[in-house]
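Chain by chain, the residues:
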Number of protein chains: 2
Amino acid sequence: MADRKTVRGTPIKTPVGEQDGIDFSIIELFFFAYRDFTSDPDEILADYGFGRAHHRVLHFVNRRPGLTVAELLDVLKITKQSLARVLKQLIDTDHIVQLPGPRDRRQRELYPTEKGRALALALARPQSRRIHTALGDSGLGNRASIELFLKAMVNPELRAQIDILPANPTQKRSGDDDGEH
Amino acid sequence: MADRKTVRGTPIKTPVGEQDGIDFSIIELFFFAYRDFTSDPDEILADYGFGRAHHRVLHFVNRRPGLTVAELLDVLKITKQSLARVLKQLIDTDHIVQLPGPRDRRQRELYPTEKGRALALALARPQSRRIHTALGDSGLGNRASIELFLKAMVNPELRAQIDILPANPTQKRSGDDDGEH
DNA sequence: AAAATATGTCAGTATTGTTGACGTATTTTT
DNA sequence: AAAAATACGTCAACAATACTGACATATTTT
């Protein structure tokens, strides 16, 4: 048998691009942007021996204090076991506490402690700074457009998860004086 | 000694929010958007027994045909071993071929085959569609703003990796041509 | 000839995810 | 009250993707 068991295809030397009818520039930008966006908290987490999974749990418990394990699983779209490990660590290190559900005592409502709140804020701070800078660079009037765009990128049936969160109630903030420019 | 081997902190019941000076809404939207953005190709990849790592390699080899292993490692920011596995699979399945570098024969230039090009396009198609829809939903005039924003989210020192790509007409590969003789 | 470089590979490990099964406490249904 | 369903925790086994460190080979540079 000659070395023909795999008939190698011919190398293509022209780059793919927009002419193929596909929005490669934004696809790629999204990849790079998210990579760097997550790199900021990753460095902090490393000091705690935590990973990105811990960050996500911490984030949502801080955003929706009192949410149950089942709700958290639904938001994160992971399995019980994946959550169990990181949640246990966060509870053991006193970043999160569990309280029995008031109506249904089988449920465990998850709350951040002072320590957990502080860590969540510390993790979010560099991300928020990056976003703020990026908004400045791209024109400060774009905030609404960016929000709309990102929200439209989410699967429609899952947008409910976002709307529940206390993101929009007092979005006014007009004339807010955090102007770096 | 009551159960105080760990003195648990008090549960905090108020959600974090923008009043903490942090842009939680966009942080969260970015998370959800990227999660769903990557879920489209993930489903296709599963049919091939491939994962997200294969997708990234395939993407950049198609975007920059002829890039070397070292360049690919630099773009992906992973180690040689992490790349080795997925690259080997992609070569064995004839999605990518290697050619010795013309100037330096130690290098392996990576090129997509017809098959690899087709898969890259198939993976990018639903992502592009999602982007297009989202741009439509958020106002069609926002494309430039979105691009600027995403680019500004990338670490400045790494933006060069993006500029090299054939997204913009200023694609000038420096150095002596690698001409096909 | 020696050193440096580009790549490939091996061995071992960590993190984060998966599926499936089972136990316990609690609530709901019968 | 007994049975079934539910919420959660946990165990065992496994898979994908990353990591570090070491070493081999071919090739280029010094």
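### A closer look at the protein's contact with DNA strand D
Around DNA strand D, 25 residues are found, and the nearest of them are Gln 81, Gln 98 and Arg 106 of chain A together with Arg 56 and Gln 81 of chain B. In DNA strand D, atoms within 4 Å of the protein come 54% from sugar and phosphate. Here a base oxygen of DNA strand D and a side-chain polar atom of Gln 81 of chain B are 2.6 Å apart. Of all the elements in the fold, those that place two or more residues in the surface near DNA strand D are helix H3 (69-76) and helix H4 (80-92) of chain A together with helix H2 (52-63) and helix H4 (80-92) of chain B. Sort the elements by how many residues they give to the surface near DNA strand D and H2 of chain B lands first, with 4 residues. Its residues assigned to classes, the surface near DNA strand D comprises 5 nonpolar, 9 polar and 11 charged.

### A few points about the interface of chain B and chain A
Taken together, the contact between chain B and chain A spans 81 residues of the former and 81 residues of the latter. Applying the counting rule to chain B against chain A returns 5 salt bridges. Across the salt bridge formed by Glu 28 of chain B and Arg 63 of chain A, the nearest N and O atoms sit 2.9 Å from each other. On inspection of chain B and its partner chain A, the count reaches 27 residue pairs in polar contact (both at pLDDT 80 or more). Of the residues forming the side of chain B that touches chain A, the biggest block, 14 residues, is contributed by helix H1 (residues 24-48) of chain B.

### Structural notes on the relation of the copies chain B and chain A
Mapping chain B onto chain A is achieved by rotating through 180° and translating by 0.0 Å along the same axis, at an RMSD of 0.0 Å. The transformation just described matches what one would write down for a two-fold rotation axis. Taking C-alpha positions as reference, the residue of chain B nearest the rotation axis is Ile 146 of chain B, located at 3.2 Å. Mapped onto chain A, 99% of the interface residues of chain B are again interface residues, and the two copies thus contact each other with one and the same surface.

### Digging into helix H3 (residues 69-76) of chain B
Listed in full, the buried residues belonging to H3 of chain B are Leu 72, Leu 73, Val 75 and Leu 76 of chain B. End-on, the buried residues of H3 of chain B take up no more than an arc of 165°, which puts them together on one face. For H3 of chain B, the elements touching its buried residues are helix H1 (24-48) of chain A together with H2, strand S1 (67-68), H4, strand S3 (108-112) and helix H7 (159-163) of chain B. Within two residues after H3 of chain B, Lys 77 of chain B carries a phi angle of roughly 60°, on the positive side.

The rules behind these values
Residue numbers run consecutively from 1 along every chain, following the written order of its sequence. Working convention: letters from A go to chains and numbers from 1 go to ligands, in the order in which they are written. Under the rules for a predicted model, residues below a pLDDT of 70 receive no local features and side-chain atom pairs below 80 are neither given nor counted, while totals for whole chains, interfaces and linings still include all residues. Excluding hydrogens and water, the side-chain figures rest on all heavy atoms present in the structure. When at least one non-hydrogen atom of a residue lies within 4 Å of a molecule or strand, that residue is treated as near it. Nitrogen and oxygen atoms within 3.5 Å of one another constitute a polar contact, given that in protein one can donate a hydrogen and the other can accept it, and given that sequence-neighbouring residues count only through two side-chain atoms. Secondary structure counts use DSSP, requiring at least four H or I residues in a row for a helix and at least two E residues in a row for a strand, with both numbered from the N terminus. Note on residue classes: Ala, Val, Leu, Ile, Met, Phe, Trp, Tyr, Cys and Pro are nonpolar, Asp, Glu, Lys and Arg are charged, and everything else, Gly too, is polar. Throughout, a residue-residue contact means that at least one pair of heavy atoms, one from each residue, lies within 4.5 Å. Any carboxyl oxygen of Asp or Glu within 4 Å of a side-chain nitrogen of Lys or Arg constitutes a salt bridge here. Least-squares superposition of the copies uses the C-alpha atoms of those residues scoring a pLDDT of at least 70 in each of them. Only protein chains enter the accessibility calculation, which uses a 1.4 Å probe. A residue is then buried if its area is under 20% of the maximum for its type, exposed if over 50%, and partly exposed in between. What the arc describes is the spread of directions from the helix axis to the C-beta atoms.

Limitation: the analysis is restricted to geometry and does not speak to function.
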